[in-house]
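Given next are the chains, with one letter for each unit.
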Amino acid sequence: MDTNRKNFGNSSHFSKSYTQSSRYSDGDGRRRSNYSKKRENLSYDSIHDSFDDKLEKFIIHIETDKVGKLIGRSGSNIRELQDKTNTKIQVDRSTGNDTTAVTIIGSKEAQEQAKQLIEESLMDSSYLLSKKEGQEKQQNNESQIDFNNFDWSQASQKCDDFQKEKWSKLVPIIKNFYKEHPDVTNMTKEQVAHIRQINNNIEVRYMFDEQEKQSQVFDIPNPIETFEQAFESYSDILEEIRKQGFVKPSPIQCQAWPVLLSGKDLIGIAQTGTGKTLAFLLPALIHIEGQETPRSERNGPNVLVMAPTRELALQIEKEVNKYSYHGIKAVCVYGGGSRKEQVNMVLKGVEIVIATPGRLNDLVEANILNISSVTYLVLDEADRMLDMGFEPQIRKTLLDIRPDRQTVMTSATWPQGVRRLAQSYMQNPIQIFVGSLDLATVHTVVQKIYIIDEPEKIDMMHQFFREMGPKDKVIVFFGKKSRVDDIASDLALQGMNCQSIHGGREQSDREQALEDLKTGEVQILLATDVASRGIDIEDVSHVLNYDFPRDIEEYVHRVGRTGRAGRTGESITFMTRKDWSLARQLINILEEANQEVPVEVYKMADRYAAWKEKRAQEKQFERPDRSDYSNRRSNRRW
């Protein structure tokens, strides 16, 4: 690619000029402000005209300085209010200085609910604090607790007794549905070891100390080699698998299906795109159907799958819907989707709920979703959920689910946070490692690294687009949302058809972008790391890292978007000298996958190591001795 570079220096200038002209088309900040106000008033009038007479209009006034709190960041608060109350809420900033008119459009019941929620959201925090303090004072007067002499062990025992009594009233769970095939039962130790080795070196063990591992090593089921060996007793499942055209189980499925069908908790550590979703899904379908309580008499879903992003949750829902098994229904609940539609589907009755942590807690707290009925829990991409700060929501959810459930945790990496979560909330889990605990990319992808300067990126990217074949598809990853928007505008002006996805786009637009790439409507998807995990588009031929990712884990996940489902792929990464801190980790990834490592990357790693060592020495000399410093100050005073 280096030898065929052309000079497109004007392209970036053209893109910049276009961005400026589109943002400041009137050439004057003041005129643009007036234009914005006219658009607000026009929008307000249009909304009033667009609703028919059946919808009531109700106006309340709020303090102007609280308008921002009502609207929320980027309109998030007001959108949530509208979704919850099924109303249209319009703020008219032109009504006065001290107060602002808020028009609520909808039924009378909806208006009253919206009015109450608005008042609660704007209630003065000092009032809420004083109210809370009053309640606490009243409670303290009723029962004074001496915490100095408090018996914590007794309180802990009471809490445990309460939990046992609470969950003891529930119908016991049936977990073990495994009927081991005779060929699997008769495997020798050597055969078992060989099967695991040829399936990406599978490692299986209990997450116990060494003595417990040794005593229970024989409890670990042998791996299977065919679909029939796992599901011979479930002909309907086998028929669904045949419809999908799969040839043989993936490595994670070979070992996970016997473990999960046996009713054991499982931690699956495997790279993205290795069939983890199907590994936990098919046993879940059998688990749902096998419970004693008829499905019509259950108070909620049996299976809960928690996922970090909307895209991954929707991808799992799509995978579930491929398998028609005894009328089992699934719903995906996630922030950004229509809350009303999701609530209606939950209330109609479903057996599987796929959810992002925020929307899940919302529906649980609103008493819309009862998760005490969950008997099979999946934490998918657990490492990603912890990276995104969802650990408090996850722990809160787990407290409301019966402790004797079957729990599955999947992850691409094995950080300390995931280990803590597993140790806290899983019962004697079996760990399955596919490949290695060390971070690694899939070996079906050719990885190419180009050391270039920042201004060269745009030209090389356009050169790549020109050389794409008619069946090629590429996901181009950027570090910032603004860069995605700028490049998308630039390509549109040049008549190139593409789509984009990032956290700032509406959910419907994000879903449409993925659908357009899947169907071939576009060949180019511009994305931030919101698309680096959970996006399962099998025929993506290339990944182009325009900006180097912020950490090596994201590099691995980006690369994993291609080379899926047995296909090969190619990853192209632009690396500048400012990315030198990740050079050594990148070398490890490339060498593990037998990829070519440019000499300059080795040099970058060496220079960064030398720089770090030099900085450490300088800091050591810069740090003065505190006692000498104090003595010098004391002498100066005297």
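About the thresholds
Residues numbered from 1 in each chain as written. Predicted model: local features only at pLDDT ≥ 70, side-chain atom pairs only at ≥ 80, totals over all residues. Heavy atoms only, no water. Core = buried A, V, L, I, M, F, W, Y, C linked by side-chain atoms within 4.5 Å. Buried < 20%, exposed > 50% of the residue type's maximum accessible area, 1.4 Å probe, protein only. Helix = DSSP H or I, 4+ residues; strand = E, 2+ residues; numbered from the N terminus. 1 Å grid on protein atoms, 1.4 Å probe; cavity = no way out; pocket = protein on both sides within 12 Å on 5 of 7 lines; lining within 4 Å. Points joined across faces, edges and corners; volume = space filled by probe spheres on them. Pairing = 2+ DSSP bridges. Axes fitted to C-alpha atoms, helices over the stretch in contact; angles between N-to-C directions. pLDDT = per-residue confidence, 0-100. Contact = heavy atoms within 4.5 Å. Expected span 1.5 Å × (residues − 1). Arc of directions from axis to C-beta. Phe/Tyr/Trp six-rings, centres within 6.5 Å; stacked < 30°, edge-to-face > 60°. Polar contact = N/O pair within 3.5 Å; in protein donor to acceptor, adjacent residues only side chain to side chain. Salt bridge = Lys/Arg side-chain N within 4 Å of Asp/Glu carboxyl O.

## Concerning the nonpolar core
- Grouped together as the largest cluster of nonpolar side chains are 57 residues, with contacts concentrated most on Phe231, Ile237, Leu282, Leu285, Ile352 and Ile432.
- For this core, the element with the most residues is helix 14 (residues 276-289), which contributes 9 residues.
- The next biggest cluster of nonpolar side chains, apart from the first, holds 35 residues, and it includes Val343, Ile371, Leu377 and Val418.

## Considering unusual backbone geometry
- Non-glycine residue His326 carries a positive phi angle of around 55°.
- Checked against the element boundaries, His326 lands in the loop between helix 15 (310-321) and strand 7 (330-333).
- Of note, the phi angle at Asn428 is positive, near 45°, even though the residue is not glycine.
- Relative to the assigned elements, Asn428 resides in the loop between helix 20 (416-425) and strand 11 (430-433).

## A look at empty space enclosed by the protein
- Using the criterion set out here, one finds 3 cavities of 30 Å³ or more in the structure.
- Volume-wise, the second largest cavity comes out at about 50 Å³.
- If you trace the second largest cavity, you find it lined by Ile252, Ala256, Leu266, Gly268, Lys276, Ala279, Phe280, Val408 and Thr410.
- Those elements giving two or more residues to the lining of the second largest cavity turn out to be helix 13 (251-261), strand 5 (266-269), helix 14 and strand 10 (406-411).
- Counting residues per element, the lining of the second largest cavity draws most heavily on helix 14, at 3 residues.

## Thoughts on the layout of surface pockets
- Of the pockets and cavities examined, the second largest pocket occupies roughly 670 Å³.
- Residue lining of the second largest pocket: 20 residues in total, with Ser76, Arg79, Arg310, Gly335 and Gly336 positioned closest to the centre.
- If you list the elements that add at least two residues to the lining of the second largest pocket, you get helix 4 (76-85) and helix 17 (357-365).

## With respect to the sheet that holds strand 13 (residues 474-477)
- The strand order 12-17-16-13-15-14 describes an open sheet built from 6 strands, whose pairing is parallel. Strands at the two margins of the open sheet, each flanked by one partner only, are strand 12 (445-451) and strand 14 (499-501). Neighbour-to-neighbour, the strand axes of this sheet turn through a mean angle of 20°, independent of strand direction.
- Pairing between strand 14 and strand 15 (residues 524-527): 3 bridges, direction parallel. Counted as the bridge partner of Ser500 is Leu526 from strand 15.

## Some details on the confidence of the model for the protein chain
- Across the protein chain, the average pLDDT comes to 80, with 79% of residues at or above 70.
- Looking over the protein chain, one finds the lowest element-wise mean pLDDT in helix 1 (residues 9-23), namely 36, and the highest in strand 6 (residues 303-306), namely 97.
- Every residue in residues 125-131 scores below 50 in pLDDT, and together they form 1 contact with partners more than four places removed in sequence or on other chains.
- Between residues 629-638, whose pLDDT stays under 50, and residues either more than four places distant or in other chains, the model counts 0 contacts.

## A short note on helix 22 (residues 481-493)
- Look at helix 22: 19 Å from first C-alpha to last across 13 residues, which is about the 18 Å you get at 1.5 Å a residue.
- Taken residue by residue, helix 22 has Val484, Ile487, Ala488, Asp490 and Leu491 as its buried positions. For helix 22, the angular spread of buried residues about the axis comes to 160°, placing them on one side.
- One or two positions beyond helix 22, positive phi appears at Gly495, with a value near 80°.

## A short note on the packing of aromatic side chains
- Tallying each qualifying case throughout the model produces 9 aromatic pairs.
- On the numbers, 5.9 Å between centres and 50° between planes, the contact of Phe227 with Trp257 is tilted. Linking Phe227 in helix 11 (residues 227-231) with Trp257 in helix 13, this pair joins segments that are 30 residues apart in sequence.
- Pairing Trp580 with Tyr608 gives two aromatic rings, centres 5.3 Å apart and planes at 70°, and the pair type is edge-to-face.

## Notes on the sheet that holds strand 9 (residues 376-379)
- The sheet built from 8 strands is open, its strands ordered 4-11-5-10-9-6-8-7 with mixed pairing. Every other strand in the sheet has two partners, leaving strand 4 (203-206) and strand 7 as the edge strands with one partner each. Along the sheet, successive strands turn relative to each other by an average axial angle of 15°, direction set aside.
- As paired elements, strand 4 and strand 11 share 4 bridges and run antiparallel to each other. Across the sheet, residue Arg205 finds its bridge partner in strand 11, namely Gln431.
- Seen against the sheet, helix 13 touches strand 4, strand 5, strand 9, strand 10 and strand 11 and runs at an angle of roughly 170° to strand 11.

## Description of the side chain of Gln229
- On the secondary structure map, Gln229 appears in helix 11.
- According to the relative accessible area criterion, Gln229 is buried, its value standing at 8%.
- Within the local environment of Gln229, its side chain forms a polar contact with the backbone nitrogen of Glu225, the two atoms lying 2.7 Å apart.
- In contact with Gln229, not counting residues within four places along its chain, are His181, Asp183, Val184 and Ile224.

## Some remarks on the pattern of salt bridges
- Counting across every chain of the model gives 32 salt bridges.
- Linking Asp547 and Arg483 is a salt bridge whose minimum nitrogen-to-oxygen distance equals 3.9 Å. Of the two residues, Asp547 sits in the loop between strand 16 (542-545) and helix 24 (552-559) while Arg483 sits in helix 22, which places them 64 residues apart along the sequence.
- Among the salt bridges present, the one from Arg550 reaches Asp551, with a minimum N-O distance of 3.9 Å.
- Residue classification places Asp551 among the partly exposed residues on the basis of a relative accessible area of 23%.
- Each of Arg384, Asp529, Arg550, Asp551, Glu554 and Arg558 takes part in salt bridges that share partners, so that together they form one network.

## Thoughts on the pairing of strand 9
- Burial along strand 9 is two-sided: Tyr376 and Val378 and Leu377 and Leu379, pointing in opposite directions, are all buried.
- Sheet topology places strand 6 next to strand 9; 4 bridges connect them, and they run parallel. Across the sheet, the residue bridging to Met306 is Leu379, located in strand 9.
- For strand 9 and strand 10, the ladder comprises 4 bridges, and the chain directions are parallel. Across the sheet, residue Leu377 finds its bridge partner in strand 10, namely Thr407.

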